Amino acid sequence: MSVATLAPQAAPTPATAPVAPTGRPTGRTSEVDNRATYVSFGLAYLLGHGAAAVSQGATPLIDLPGWLPMTLLGIGLAAGTVSATVAAGRAQRAATDPDDIRTGKLLGAAWVVAFAALFLAITGLTNSLDMPDLQSTLWPTGSGLVVGLLYLAEGAARRNFLHYGLGCWLALTSTAALFLDTPGLYWVLTVAGGGAYAVAAVLERRRLATR
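All residue numbers refer to position in the chain's written sequence, counted from 1. A pLDDT threshold of at least 70 governs which residues receive local features in this predicted model, and a stricter bar of 80 or more applies before side-chain atom pairs are shown or counted, although totals over entire chains, interfaces and linings include all residues. By convention in this description, side-chain values take in all heavy atoms of the structure and omit both hydrogens and water.

A. Here's a closer look at the nonpolar core. Counting residues in hydrophobic clusters, the biggest one holds 18 residues, and the most contacted among them are Tyr38, Trp111, Val147, Tyr151, Leu166, Leu170 and Tyr197. Each helix is a run of DSSP H or I of at least 4 residues and each strand a run of E of at least 2, with the numbering of both proceeding from the N terminus. Counting residues per element, the ones that place at least two in this core are α1 (35-55), α3 (98-129), α4 (135-158), α5 (161-176) and α6 (184-209). With 5 residues, the top contributor of residues to this core is α4. Setting aside its immediate chain neighbours within four residues, Tyr38 contacts Tyr151, Leu162, His163, Leu166, Tyr197, Ala200, Ala201 and Glu204. Residues enter a nonpolar core if they are buried and are Ala, Val, Leu, Ile, Met, Phe, Trp, Tyr or Cys, with the set joined through side-chain atoms within 4.5 Å. Only protein chains enter the accessibility calculation, which uses a 1.4 Å probe; a residue whose area is less than 20% of its type maximum is buried, one above 50% is exposed, and one in between is partly exposed. Counting residues in each nonpolar core, the second largest holds 6 residues, with Ala52, Leu185, Tyr186 and Leu189 among its members. Contact criterion: two residues are considered in contact whenever any of their non-hydrogen atoms come within 4.5 Å of each other.

Now the structure itself:
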């Protein structure tokens, strides 16, 4: 009876990084933590638009200086923009995928271009119609629309469904508020916008915990 010989099995090889079609490692991506941004923008909506809602209209609930709502809104939006920039920069430094790094830079530039275009549109429209008071309506709703559309782009590029959904909600509610007079417009922005940011901040923590 012949004795069968067993062929030696090859030793297991360590796992290697995924390789792109070009033969180079694809790199890894890094998640953007949006919690600080959501909180900052949420406070801007609640305090800025909320102050406008209670102090404007035919029968205001509270007598507040006219400059206070816009100041609170501006401070909150500035803080949120800084938080978003810092979070995106931190994610870019942690990422090794060249495509993700390039996408992050393009999205960051889109914020500057979008708000510059919004400024030109509102300024040109109010000047051509000779209605400077229209800015108090167009800036809150226009900024909500722009932020919502930017969130849509960021959510699609980063495959972040929470960010994408928040962008849809902000874009639709901000433009729908134009159908209402003051202070109803500001109440919609306060409740719908500020509430959405509060919910998103809670859900963002859960999203990051599962990644």
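Let us keep going from here.
B. Examining unusual backbone geometry more closely. Here Thr182 and Pro183 are connected by a cis peptide whose omega angle stands at 5°. Looking at the secondary structure, you find Pro183 in the loop between α5 and α6. Although it is not a glycine, Asp130 sits at a positive phi angle of roughly 55°. Mapped onto the elements, Asp130 comes out in the loop between α3 and α4. Its identity is not glycine, yet Arg159 carries a phi of approximately 55°, on the positive side. Of the residues examined, Arg159 reaches a relative accessible area of 57% and is grouped as exposed.

C. Summary view of the pattern of salt bridges. Each salt bridge in this description consists of a side-chain nitrogen of Lys or Arg and a carboxyl oxygen of Asp or Glu lying within 4 Å of one another. Tallying each qualifying case throughout the model produces 4 salt bridges. Here Asp33 ties to Arg35 by a salt bridge, and the two come within 2.7 Å at their closest N and O atoms. Residue Asp33 is classed as partly exposed on the basis of its relative accessible area, which comes to 28%. A salt bridge links Arg207 to Glu204, with the shortest nitrogen-to-oxygen separation between them at 2.9 Å. Placement of both Arg207 and Glu204 in helix α6 is noted, with a separation of 3 residues, approximately one turn of the helix. Judged by its relative accessible area of 14%, Arg207 falls in the buried class. We classify Glu204 as buried; its relative accessible area is 0%.

D. The packing of aromatic side chains, seen in detail. The rule is short: rings of Phe, Tyr and Trp, with Trp giving its six-membered ring, pair when the centres are within 6.5 Å, and they are stacked under 30 degrees, edge-to-face over 60, tilted in between. A full pass over the atoms with the stated rule returns 7 aromatic pairs. Where Tyr151 meets Tyr197, the ring centres are 6.4 Å apart and the plane angle is 80°; that geometry is what we call edge-to-face. You can see Tyr151 sitting in helix α4 and its partner Tyr197 sitting in helix α6, a full 46 residues away along the chain. No difference in accessibility class separates Tyr151 from Tyr197, as the two residues are buried.

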